Amino acid sequence: MHAVTRFITSRRTSWIILVVAGLLSGGLFALGSGSGGELSPGVGLPDSAESARTAALQDTLSGADSTSALLVYSRDGETLDEADLAAVFERSGELAELASDGFVPPPTVAEDGTAALLVVPLDVLEDAGEQAERADELREIANADLPSGLEGLLTGPEGFAVDIAAVFEGADFTLLLTTVIVVAVLLLVTYRSPWLWLVPLVVVGTADGLAGIVATRVSAVFGIALDASVTGILSVLVFGAGTNYALLLIARYRDELRVFEDRREAMERALRGAGPAIIASGTTVVLALLTLAFAELAGNRALGIACATGVVIAMIFATVVLPAALVQFGRGLFWPYIPRVGSEGSMNRGVWRGLGMRVARRPAVVATIGVLLLGALALGGTQLRVGLAQTEQFTAVPEAVVGQEIIADAFSAGSGSPVVVISEADAAERVAEIAADTDGVESVAIGETDGTITQLSVVLDAAAETPESFAAVEALRSAFAELVGTSVDGGEIDGAVALVGGLDAQALDVSQAQQRDQALVIPLILGLVFLVLVVLLRALLAPVLLLATVVASFFASLGASWLLFDSLFGFPAVDTNVVLFSFLFLVALGVDYNIFLVTRAREEAFVHGTREGMIRALAATGGVITSAGILLAAVFAVLGVLPLITLTQIGIIVCIGVLLDTLLVRTVIVPALAFLTGERFWWPGRALSGELKVVPSSATTRIGGDPRGTAAD
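Reading guide: rules and limits
- Residues numbered from 1 in each chain as written.
- Predicted model: local features only at pLDDT ≥ 70, side-chain atom pairs only at ≥ 80, totals over all residues.
- Heavy atoms only, no water.
- Helix = DSSP H or I, 4+ residues; strand = E, 2+ residues; numbered from the N terminus.
- Buried < 20%, exposed > 50% of the residue type's maximum accessible area, 1.4 Å probe, protein only.
- Contact = heavy atoms within 4.5 Å.
- Phe/Tyr/Trp six-rings, centres within 6.5 Å; stacked < 30°, edge-to-face > 60°.
- Lys NZ or Arg CZ within 6 Å of the ring centre and 35° of its normal.
- Core = buried A, V, L, I, M, F, W, Y, C linked by side-chain atoms within 4.5 Å.
- Pairing = 2+ DSSP bridges.
- Axes fitted to C-alpha atoms, helices over the stretch in contact; angles between N-to-C directions.
- Salt bridge = Lys/Arg side-chain N within 4 Å of Asp/Glu carboxyl O.
- 1 Å grid on protein atoms, 1.4 Å probe; cavity = no way out; pocket = protein on both sides within 12 Å on 5 of 7 lines; lining within 4 Å.
- Points joined across faces, edges and corners; volume = space filled by probe spheres on them.
- Nonpolar A, V, L, I, M, F, W, Y, C, P; charged D, E, K, R; others polar.
- Expected span 1.5 Å × (residues − 1).
- Arc of directions from axis to C-beta.
- Polar contact = N/O pair within 3.5 Å; in protein donor to acceptor, adjacent residues only side chain to side chain.
- Patch = residues over 30% accessible without salt bridge, like charges linked within 9 Å, V, L, I, M, F, W, Y side chains within 5 Å.
- Areas by Shrake-Rupley, 256 points an atom, 1.4 Å probe, with all protein chains shown as cover.
- Lys, Arg positive; Asp, Glu negative; His and termini not counted.
- Charge placed at Lys NZ, Arg CZ, Asp CG, Glu CD.

Caption draft 1: Structural context of the overall build of the chain. Helices and strands together make up the secondary structure of the chain, namely 21 helices and 8 strands. The buried share among the 713 residues of the chain stands at 56%. A fraction of 81% describes how many contacts in the chain between residues 6 or more apart in sequence connect residues 24 or more apart.

See below:
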């Protein structure tokens, strides 16, 4: 440890770190991510899911390489006249030049005459940019020379794909710019220096840029492509975690500058003091993220692998590049609040020490009030609703949603997203009869066949992605399960006569897979975080208490957020992946602050005992951890700049949770629990090793020095 920290900070070698980091960064930036274009968020279901198996069978049919755009024409609920219908017929002919087979079927007019629907067959495009260009052409042709008041809206699968992609168009730049502004302002306020904030901002910004490149390439090794939603969260996480680590290191460095005249020696001591806490907290986050590698959904695995890669890079830059960069500058970097040798630090004065002493006087009362407050907030989550329909995904209503609502009002509610059934060709008639007799089915049409399998289109009488449509899908699957068939050539039906797919079936499968991922990953996260705390603190009771407080703050933040979503924002539900992702980020990042506090308390407890050690740790870390928590909360809130409800919800829940964890749990509840349990807080560490030594609270220790009074090599 001593040799490593000396190499990073010494006059002869610290510059080598910066040169090597600069060369490696430049090489990676020049190499690029290798991504072949901007991708929209995918579904990521495993091949075993029934909707995925249905889609695979569809791919064997001749029309597999096609999709469709729905163009719905209306006059805001008024009946279309003959001139309107003539214009729609004319548009169908002009749209044929974009159609996959050069032909667009005649429009379908609603029974009440309020809407007309054009279905435009299209070739499948994978690149989001190409899809957007084609959508612009469709809209331009569809709305050219229409009678006044008549409007054509693009919706259906193609419309939703384009609108979702539009949410993320330029998202990386928007998120990066907003994040940089937020981080710069908060660093400027924290350090109150006109230039100190620039060093961590440049270092963390470089780490963020590299994280996007490296994460994309690492994910590609596992056959996973990163979409814009994952890279957006990755950027926010790297900036948040990297800046947190920078704040901790610089705070320790400032303390050491009050002891050592040589800034390089001060940085070496700071790195040896703060480095283990940064590595421990970062490792906790990485391990928690990697639990997503066991998830069913590819999107969950992508997020886990990408973000774990990003946090590793953030740790490396915070513990290697940042200290090497800071020691290139003198103490004037902290101007106008320059730390001088012998000046008083934060351990023996300030609001944080006073707070710790007040909590120590009545720890039982403080702990009880804190737990009751968390419990009261958690009650808000008892009415939580999970599951957003495709039309409910956006904070701003896009064209595809408006068009889908018009279709649902004028035609059968499920006509915009019919259920796809693939059956054995010989059983197609029987499957159609069963489907027609199933509750919730409006109509059934037998479609394309290759002689072995046949595709059927089933229109439901319920709107897409509602409990009613999910119930109809499950009813169809149950009815078809009673039929026994054989495997067919051209695609495995695995003994079933018919499989049910389409958007509703896909959404149902995603919801069920997300529930399975949640049931698997959450216990893994808790187990791994607990093991890290046990190894780090060499205790059992403290890890249990720390983990319990973080989980409590998660439920409190979920409850408080739901009250906001339901009463203020009007969100109908939280998306299926919001609970899992919020839990992951809050538990992993929330434990970070407890690690920063408790590892410092453990150092101080070697000399001063648990009570005084916790007070001194709170005094030493209170300001920096609070600044780090506020900064991280603000960074996650930046996700709300995108008009996608899922990311907005994750950002708000994590923001509230981090603030609760920073201002209440770590500041008040954890110290109160430590005061209540006393030396038992470290059980069984003290009983097993006898290493904790309690001395009178009046004893002193050098700020930033080793807790045993000498520098540990």
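The structure having been displayed, the exposition proceeds.
Caption draft 2: The arrangement of the packing of aromatic side chains in detail. What the rule picks out here adds up to 10 aromatic pairs. With centroids separated by 6.4 Å and ring planes inclined at 55 degrees, the aromatic side chains of phenylalanine 565 and phenylalanine 569 adopt a geometry described as tilted. With a gap of 4 residues between them, phenylalanine 565 and phenylalanine 569 both fall in helix H18 (residues 541–569), about one helical turn apart. Under the relative-accessibility criterion, phenylalanine 565 is labelled buried at 1%. For the pair phenylalanine 585 and phenylalanine 636, a centre-to-centre distance of 5.5 Å together with 50 degrees between the ring planes defines the contact as tilted. Sitting over the face of the ring of tyrosine 337, arginine 192 holds its NZ or CZ atom 4.3 Å from the ring centroid. The lysine or arginine in question, arginine 666, covers the ring of tryptophan 352, its NZ or CZ lying 5.7 Å from the ring centre.

Caption draft 3: The nonpolar core, seen in detail. Counting residues in each nonpolar core, the largest one holds 158 residues, and the members touching the most others are Tyr245, Leu289, Leu326, Phe585 and Phe636. Among the elements that make up this core, the one with the highest residue count is helix H19 (residues 578–637) (31 residues). Residues Ala87, Ala135, Leu138 and Ala142 belong to the second largest nonpolar core, which totals 23 residues.

Caption draft 4: A look at the sheet that holds strand E1 (residues 66–74). The antiparallel open sheet is built from 4 strands, whose spatial order is E2-E3-E1-E4. The sheet terminates laterally at strand E2 (108–109) and strand E4 (151–155), the two strands that pair on one side only. Pairing between E1 and E4: 5 bridges, direction antiparallel. By the bridge assignment, serine 74 is partnered in E4 with glutamate 151. Here helix H4 (residues 82–95) sits on the sheet in contact with E1, E2 and strand E3 (115–123), set at roughly 0 degrees to E3. Relative to the sheet, helix H14 (residues 399–410) contacts E1, E3 and E4, its axis offset from that of E4 by approximately 105 degrees.

Caption draft 5: Expanded view of the pattern of salt bridges. As enumerated under the stated definition, the model contains 22 salt bridges in all. A salt bridge links glutamate 612 to arginine 353, with the shortest nitrogen-to-oxygen separation between them at 2.9 Å. In this pair, glutamate 612 sits in helix H19 while arginine 353 sits in helix H12 (residues 351–361), placing the two residues 259 residues apart along the sequence. On the accessibility criterion, arginine 353 (15% relative accessible area) is buried. For aspartate 566, the salt bridge is made with arginine 385, and the minimal N-O distance between the two is 3.3 Å. Of this pair, aspartate 566 sits in helix H18 while arginine 385 sits in the loop between helix H13 (363–378) and H14, and the two are 181 residues apart along the sequence. You can call aspartate 566 partly exposed: its relative accessible area is 39%.

Caption draft 6: Summary view of empty space enclosed by the protein. Tallying each qualifying case throughout the model produces 3 cavities of 30 Å³ or more. Of the volumes computed, that of the largest cavity is approximately 80 Å³. What lines the largest cavity is simply Gly156, Pro157, Phe160, Gln390, Thr391, Gln404, Gly416, Ser417, Ala464, Glu465 and Leu503. Element by element, the count of residues in the lining of the largest cavity is highest for helix H6 (residues 156–168), at 3 residues. In terms of residue class, the lining of the largest cavity is built from 4 nonpolar, 6 polar and 1 charged.

Caption draft 7: Expanded view of H4. In a regular helix each residue adds 1.5 Å, so 14 residues correspond to 20 Å; H4 covers 20 Å between its end C-alpha atoms and thus fits that length. By the burial criterion, the buried members of H4 are Asp84, Ala87, Val88, Arg91, Ser92 and Leu95. Taken end-on, H4 shows its buried residues confined to a sector of 145 degrees, consistent with a single buried face. Those residues of H4 that are exposed and angled more than 90 degrees off the buried face are Glu82 and Gly93.

Caption draft 8: Spatial organisation of the side chain of aspartate 255. Residue placement: aspartate 255 occurs in helix H9 (residues 228–257). The exposure class of aspartate 255 is buried, given its relative accessible area of 5%. A distance of 2.9 Å separates polar atoms of two side chains, one belonging to aspartate 255 and the other to arginine 258.

Caption draft 9: Just a negative patch on the surface, in detail. The grouping of Glu97, Glu130, Glu133, Glu137 and Glu140 at the surface amounts to a negative patch. You can see glutamate 140 is positioned in helix H5 (residues 128–142). Relative accessible area serves as the criterion here: at 61%, glutamate 140 is assigned to the exposed category.

Caption draft 10: Summary view of the pairing of strand E5 (residues 419–424). With respect to burial, E5 is a largely interior element, 6 of its 6 residues being buried. One ladder, built from 6 bridges, connects E5 with strand E7 (residues 453–460); its direction is antiparallel. Across the sheet, residue glutamate 424 finds its bridge partner in E7, namely isoleucine 453. In terms of strand pairing, E5 meets strand E8 (residues 498–501) through 4 bridges, oriented antiparallel. Bridge pairing in E8 places valine 421 opposite valine 500.

Caption draft 11: Summary view of the sheet that holds strand E6 (residues 441–449). Ordered by their spatial adjacency, 4 strands build an open sheet running E6-E7-E5-E8, and the pairing between neighbours is antiparallel. For this open sheet the edge positions go to E6 and E8, each flanked by a neighbour on one side alone. Taking each pair of neighbouring strands and ignoring which way they run, the sheet shows an average axis angle of 25 degrees. Of the pairings in the sheet, the one linking E6 to E7 comprises 6 bridges and is antiparallel in character. By the bridge assignment, threonine 449 is partnered in E7 with threonine 454. Lying over the sheet, helix H3 (residues 50–58) contacts E5, E7 and E8, oriented at roughly 105 degrees with respect to E8.

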